[in-house]
Amino acid sequence: MNEFQKKDLKYIWHPCSQMKDYEELPPIVIERGKGCYLYDVDGHSYLDCISSWWTNIFGHSNVRINKAIEKQLNEIEHVIFAHFSNKPAIELSEKLTNISPKGLKKVFFSDNGSSAVEIALKMSFQYHQQMGKIKKVRFAALTDAYHGETIGALSVGDLDLYSKIYKPLLLDTVRVEAPDCYRCKYGKERSNCNAECFEYMEKALEQYHEELCAIIIEPMVQCAAGMKIYSPMYLRKLRKACTFYDVHLIADEIAVGFGRTGKMFACNHADISPDIMCLSKGISAGYMPMSVVMTTEDIYNAFYDDFSTLKAFIHSHTYSGNAMACAIACESLKIFNEENIIENNKIKSGIIRDLVTEKAGKNSFVGDMRQIGMITALELVKNKKTKEKFNWKKRTGYEIYKIALKNGLLLRPIGDVLYFMPPYVINEKDIEYMVNKCFHSIDEYFQTNH
Ligand SMILES: *Cc1c(COP(=O)(O)O)cnc(C)c1O
């Protein structure tokens, strides 16, 4: 252990960690980064296969973004956002309304994904209250959903690892069985199914619509559930049903927005517009905390009245509309445009797919290979035929994670699902390195454990 690690462990409680694990694997102290690579204080390098928790879309220490920050830094870093504004926030809002699914015309700022989800839930609830639909006091969400860690966001999420112990504290969410394409009950293929699994949602809406403010969903991919990709048909059906039953559709695009699934927003795959859309992570290119909630004129107008009606949305976070983060987001959108990112990513994801498909086919433990845009996931199973999972207590994914670190990769499997979600600046050489090292690490693990 180096001196930094000793001090780190003396003072810091890390997120999403059993701190006891750090006894055998102390925190890796990163000193600098460039492009897809991270460099630690001991001189080791790591290819950042997961874009530093799905945020860093244009690589570390990106020259264009660094410049934009410097420029903004010399103008204004931050200013109160109630009754004040700043130029980057205005520019960003205009840009976002131009590129987002149609109808989303108003932008509300916050500083992290969970807060954005809280805002979306509160906004939808208050809307219905103010429209006289006072019975609408609940939300619906999918099994295996992940929407963040604050109490409201946990309530709509469904991953036991994060929420189980808090159940007594959480809202009473209507839980609907999610699509599960790898283990499809209907024996269909995602590429040509009719989202038969929507029947659960249909039933839930029929039964609960009078109580429901909104349904919150991660469009196209339930990322934290292990990159579970589903059919756009599901979203099309959901949009129709939400409109029919007067229930808001909240799209949590926090992980999948900004080109991750091959389109600017995942809702674009189904050509639908949600009533409320949450964005974070990639929005500020992995540089600074920021999130936004976008919504329609209809929802906005339900809050717009004389002060004395007390209809205003009195929600605030200190760092709302932070000028530095907004300047980064504006520059990032320019990069999308000027460097033709979405089109170029198609080539890159094709290269990843070809390499991974070839290797996955030969591997006895890769049960499923799934890809959408710049997300490629490998689900490891004990038995490829029966799709039987490994005992979770064996921590197969975690063991491979440790081997991969030694081999120069920052992979961060979700359970036994390994995935690549690299910064878009990754090049062909790095892709080969990433895929080869990953399969090498898988082999290394199974050579000694089977
Ligand atoms: C990461 C994530 C969140 C929570 O965002 P934080 O900034 O970590 O609070 C919510 N929803 C989805 C889909 C996410 O991936």
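Look up a bit, the structure's there.
**Focus: the overall build of the protein**
When its secondary structure is counted, the protein shows 14 helices and 16 strands. The C-alpha atoms of the protein give a radius of gyration of 22 Å, which matches the 22 Å a tight globule of 450 residues would have. With the C-alpha coordinates of the protein rotated into their principal frame, the extents come out at 70 × 60 × 45 Å. Relative to its full complement of 450 residues, the protein shows a buried share of 54%.

**What about the packing of aromatic side chains?**
By the definition in use, this model includes 19 aromatic pairs. For the ring pair Phe108 and Phe313, a centre distance of 5.3 Å and an interplane angle of 70 degrees mean the geometry is edge-to-face. Note that Phe108 is positioned in strand β4 (residues 106-110) and Phe313 in the loop between α10 (297-301) and α11 (323-338), a separation of 205 residues in sequence. With a relative accessible area of 15%, Phe313 lands in the buried category. Taken together, a centroid distance of 5.1 Å and an interplanar angle of 75 degrees make the contact between Phe198 and Tyr234 edge-to-face. Remark: Tyr234 occurs in helix α9 (residues 232-245) and Phe198 occurs in the loop between β6 (174-176) and α8 (199-208); sequence separation between them is 36 residues. We classify Tyr234 as buried; its relative accessible area is 1%. Counting every residue linked through ring pairs, the aromatic cluster contains Phe365, Phe390, Tyr445 and Phe446. The cationic tip of Arg138 hangs over the ring face of Tyr208; the distance from NZ or CZ to the ring centre is 5.4 Å.

**Examining the packing of helix α4 (residues 87-99) against α11**
Here α4 crosses α11 at 40 degrees, and the two axes come no closer than 8 Å. What the angle tells us is that α4 and α11 run oblique. The hand of the α4/α11 crossing is left-handed. Taking contact as the criterion, the partners of Pro88, Ala89, Glu91, Leu92, Lys95, Leu96 and Ile99 in α4 are, on α11, Ala323, Cys326, Ala327, Ala329, Cys330, Leu333 and Lys334. Split into classes, the residues belonging to the contact of α4 with α11 amount to 11 nonpolar, no polar and 3 charged.

**Details of the environment of Asp271**
Relative to the elements of secondary structure, Asp271 occurs in the loop between β10 (248-252) and β11 (276-279). Separated by 36 residues in sequence, Asp271 and Leu235 place their C-alpha atoms 8.9 Å apart.

**Overview of the sheet that holds strand β16 (residues 417-420)**
Taking strand neighbours across the sheet as the criterion, the 3 strands line up as β13-β14-β16 in an open arrangement whose pairing is antiparallel. Because the sheet does not close on itself, it has two edges, and the strands there are β13 (366-372) and β16. Shown here is a sheet whose adjacent strand axes are inclined to one another by a mean of 15 degrees, direction ignored. Where strand β14 (residues 375-380) meets β16, 4 bridges bridge the pair, whose relative direction is antiparallel.

**A few points about the pairing of β14**
The side chains of a regular strand alternate, residue by residue, between the two faces of the sheet. Summarising burial for β14: 6 of the 6 residues are buried, a large majority. Of the two faces of β14, the one lined by Ile375, Ala377 and Glu379 and the one lined by Thr376, Leu378 and Leu380 are each fully buried. Alignment of β13 against β14, held across 6 bridges, turns out to be antiparallel. The residue of β14 that forms the bridge with Asp368 is Glu379. Linking β13 to β14, which pair antiparallel, is a turn of 2 residues; within it Gly373 sits at a positive phi near 55 degrees.

**Comments concerning the side chain of Thr396**
Tracing the backbone through its elements, the reader meets Thr396 in helix α13 (residues 396-406). A relative accessible area of 0% places Thr396 in the buried class. If near-sequence neighbours (up to four positions away) are discounted, Thr396 is found in contact with Leu380, Phe390, Asp416, Tyr445 and Phe446.

**A closer look at the pattern of salt bridges**
When their charged atoms lie close together, side chains carrying opposite charge are able to pair. Within the structure shown, the criterion is met by 30 salt bridges. Asp246 is the partner of Lys133 in a salt bridge, and the nearest nitrogen-oxygen pair spans 2.8 Å. Remark: Asp246 occurs in the loop between α9 and β10 and Lys133 occurs in the loop between α5 (113-130) and β5 (138-142); sequence separation between them is 113 residues. Here Lys133 falls in the partly exposed class, since its relative accessible area comes to 29%. Judged by relative accessible area, which is 31%, Asp246 ranks as partly exposed. Connected through shared salt-bridge partners, Arg64, Glu91, Lys95, Glu331, Lys334, Glu338 and Glu339 make up one network.

The rules behind each value
Just so you know, the residues in each chain are numbered from 1, in the order the chain's sequence is written. For a predicted model such as this one, the threshold for reporting local features is a pLDDT of at least 70, and the threshold for listing and counting side-chain atom pairs is 80 or more; totals across whole chains, interfaces and linings nevertheless cover every residue. In computing side-chain properties, one takes all heavy atoms of the structure into account and sets aside hydrogens as well as water. Secondary structure elements are defined from DSSP: runs of H or I of at least 4 residues count as helices, runs of E of at least 2 residues count as strands, and each element is numbered from the N terminus. Atoms counted for the radius of gyration: C-alpha only. Globule rule: 2.2 Å times the number of residues to the power 0.38. Remark: exposure states derive from per-residue accessible area (1.4 Å probe, protein chains only) relative to the maximum for the residue type, with buried under 20%, exposed over 50%, and partly exposed in between. Whether two aromatic rings pair depends on their centres lying within 6.5 Å, for rings of Phe, Tyr and Trp, where Trp uses its six-membered ring; planes under 30 degrees apart make the pair stacked, over 60 edge-to-face, and the rest tilted. For a ring to carry a charge above it, either NZ of a lysine or CZ of an arginine must fall within 6 Å of the ring centroid while also lying within 35 degrees of the normal to the ring plane. Where helices are involved, their axes are fitted lines through C-alpha atoms of the stretch in contact, as for all axes, and angles between N-to-C directions lie from 0 to 180°. By the definition adopted for this analysis, an angle is roughly parallel if under 35 degrees, roughly antiparallel if over 145, roughly perpendicular if from 65 to 115, and oblique otherwise. When the near helix sits turned anticlockwise from the far one by under a right angle, the crossing is termed left-handed; a clockwise turn instead gives a right-handed crossing. When checking whether two residues touch, look at their non-hydrogen atoms; a contact exists if any pair is within 4.5 Å. Three categories are distinguished: nonpolar for Ala, Val, Leu, Ile, Met, Phe, Trp, Tyr, Cys and Pro, charged for Asp, Glu, Lys and Arg, and polar for the others, with Gly belonging to the last. For two strands to be treated as a pair, DSSP must find at least two bridges joining them. Salt bridges are identified by distance alone: a Lys or Arg side-chain nitrogen within 4 Å of an Asp or Glu carboxyl oxygen.

Geometric values such as these leave the question of function open.
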